[in-house]
Amino acid sequence: MEIFDIAVAGAGPAGCMAAKSAALLGKKVCLLERKSTPGYPARCGEGIGNRGLVLTLDPKSKWIKNDIKTASMISPSGIKVTIGSMDTSHILDRELMDNDLADDAAACGADLRCSSPVTSVERDKEGNYILTGPSEPIKARCLIIADGVESRLARFLGWDTVLKDEDIETCAFARVTSPLLEKSSCLFYTGKEVSPGGYAWIFPRMKGEANVGLGISGTYSEAGKARELLMQFIDRELPGAKVSKLHCGGVPVAKWLRPLVRDGAMLVGDAARQVNCLNGAGIAYGLYAGKLAGQIAAEAITENGVNYPHLKNYEKQWKRGFGKQQDRSFSLKEFVRGLDDSFLDKIAHSFSKEDPNNINYVKIFTKTVARRPLLIFKTLKLFK
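Residues numbered from 1 in each chain as written. Predicted model: local features only at pLDDT ≥ 70, side-chain atom pairs only at ≥ 80, totals over all residues. Heavy atoms only, no water.

Here we look at the overall build of the chain
- The secondary structure content of the chain amounts to 11 helices and 20 strands.
- Here the C-alpha atoms of the chain give a radius of gyration of 21 Å, agreeing with the 21 Å that 2.2 N^0.38 yields for 384 residues.
- Projecting the C-alpha coordinates of the chain onto the three principal axes gives extents of approximately 65 × 45 × 40 Å.
- Across the 384 residues of the chain, 52% fall into the buried class.
- In the chain, of all internal contacts separated by at least 6 residues, the share reaching a separation of at least 24 is 69%.
- When the accessible surface of the chain is totalled, it reaches about 17,100 Å², and 50% of it is carbon and sulfur. (Helix = DSSP H or I, 4+ residues; strand = E, 2+ residues; numbered from the N terminus. Rg over C-alpha atoms; globule rule 2.2 N^0.38 Å. Buried < 20%, exposed > 50% of the residue type's maximum accessible area, 1.4 Å probe, protein only. Contact = heavy atoms within 4.5 Å. Areas by Shrake-Rupley, 256 points an atom, 1.4 Å probe, with all protein chains shown as cover.)

Notes on the packing of helix α9 (residues 341–351) against helix α10 (residues 361–368)
- Two elements in contact, α9 and α10, have axes whose closest approach is 11 Å; the angle formed by their N-to-C orientations is 130°. Compared by their axis directions, α9 and α10 come out oblique. The chirality of how α9 crosses α10 is right-handed. Facing α9, whose interface residues are Phe343, Ile347, Ser350 and Phe351, α10 presents Lys363, Ile364, Lys367 and Thr368.
- Residue composition of the contact of α9 with α10, grouped by class: 4 nonpolar, 2 polar and 2 charged. (Axes fitted to C-alpha atoms, helices over the stretch in contact; angles between N-to-C directions. Parallel < 35°, antiparallel > 145°, perpendicular 65-115°, else oblique. Left-handed = near helix turned anticlockwise from the far one by under 90°. Nonpolar A, V, L, I, M, F, W, Y, C, P; charged D, E, K, R; others polar.)

Digging into unusual backbone geometry
- A cis geometry characterises the amide bond from Arg258 onward to Pro259, with omega recorded as -10°.
- Relative to the assigned elements, Pro259 resides in the loop between β16 (242–252) and β17 (261–262).
- For Lys245, which is not glycine, the phi torsion reads 50° and is therefore positive.
- Tracing the backbone through its elements, the reader meets Lys245 in strand β16.
- Judged by its relative accessible area of 39%, Lys245 is partly exposed.
- Phi at Arg273 takes a positive value of approximately 65°, unusual for a residue other than glycine.
- Looking at the secondary structure, you find Arg273 in the loop between β18 (265–267) and α6 (283–300).

Some words on the packing of aromatic side chains
- According to the stated counting rule, one finds 11 aromatic pairs in the structure shown.
- Aromatic pair Trp201 and Phe203: ring centres 6.1 Å apart, planes at 40°, arrangement tilted. Side by side, Trp201 and Phe203 carry an identical accessibility label, which is buried.
- Aromatic pair Tyr288 and Trp318: ring centres 6.3 Å apart, planes at 40°, arrangement tilted. Taken together, the residues Tyr288 in helix α6 and Trp318 in helix α8 (residues 313–337) connect sequence positions 30 residues apart.
- Assessed through its relative accessible area of 22%, Tyr288 is described here as partly exposed.
- Three or more aromatic residues joined by ring pairs make a cluster, and in this case those are Phe173, Phe188, Tyr199, Trp201 and Phe203.
- A cation over an aromatic ring shows up here: Lys28 above the ring of Phe4, its NZ or CZ 4.9 Å from the ring centre. (Phe/Tyr/Trp six-rings, centres within 6.5 Å; stacked < 30°, edge-to-face > 60°. Lys NZ or Arg CZ within 6 Å of the ring centre and 35° of its normal.)

What to know about the state of the cysteines
- Summed over the entire model, instances satisfying the criterion amount to 0 disulfides.
- Among the cysteines around Cys108, which has no disulfide bond, Cys16 carries the closest sulfur, lying 11 Å off.
- In this structure Cys108 comes out as partly exposed when scored by relative accessible area, which is 26%.
- Cys114 takes part in no disulfide bond, and the closest cysteine sulfur, belonging to Cys16, lies 8.8 Å away. (Disulfide = S-S within 2.5 Å.)

The quantities given are spatial measurements derived from coordinates; they are silent on function.
Encoded structure:
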């Protein structure tokens, strides 16, 4: 059986960053991906803030389909509030980026194996992890689990991966072309008729083309509901549009899993529930967590074995940074979840006459939680 220092299960952004970071530190790494092509299809709106993107890597210009500097929020009754004061964000080509990240990990020394799902994992007497799938099993001294929100490996190794209905969004995504689509601004739609317990979005990739999707709270979800609501939304807002690449998936909006490290196994990305609970964004979190986990795992591998206490530094560092931010986003999500359509309309109406250049996300959310001092503090910290 082939033996590796570190095995990474899942070649999404988090897994690729973990494999690359560990390989750069001279460790023998195997990166396993169940799909034949990493990143396809992209179950993602493909949006990310510039700060989150450049924090972890040097992005390639070809990954960026569009730069976004404004956004508009549309209330349940159709009141439009434009946010003109926001940091630059990007719409990515995730399929291209994920492919490149996997190739980069391989170029740095990781053994990339596509079409290699891991169907089970167990530990031997020496504490090594044995990963089994359709191909030959492999053995690794340390395991980084990056196999997504539906992670089975985490469950096999003892983590409680069950999500409450209100802590997962059932999402439907599509690529849409229409002459009605503008290039300059992202659009967010709220309301129970549009997307109960969530929101719908239009993220322009270029003029006439956008990623369109919505997420509904698991509380309201049932088979086919997200897809049905998405098609209704597209028909209403973009009549006559051409729809392609329609697919569905789950997005966790829960607190990150504790612990992030169990013996020699580490969780990263959606498998760790590392997602902004307010908007479902997880690319930046996954990139950061993957890089951090890969570095710390590599440092923990010694000639004599694995320094298990050192692996726990991953959770400590995550908790001090993005982890604290995610906990704040969870508190805000819980508050927003209780708002009815009339309240959202009232907030939108109060901003509708203001100059868009004087409106930002912080201003909107602090006004929304004005009677909750602790939530005001969390809002200011979240958007800092």
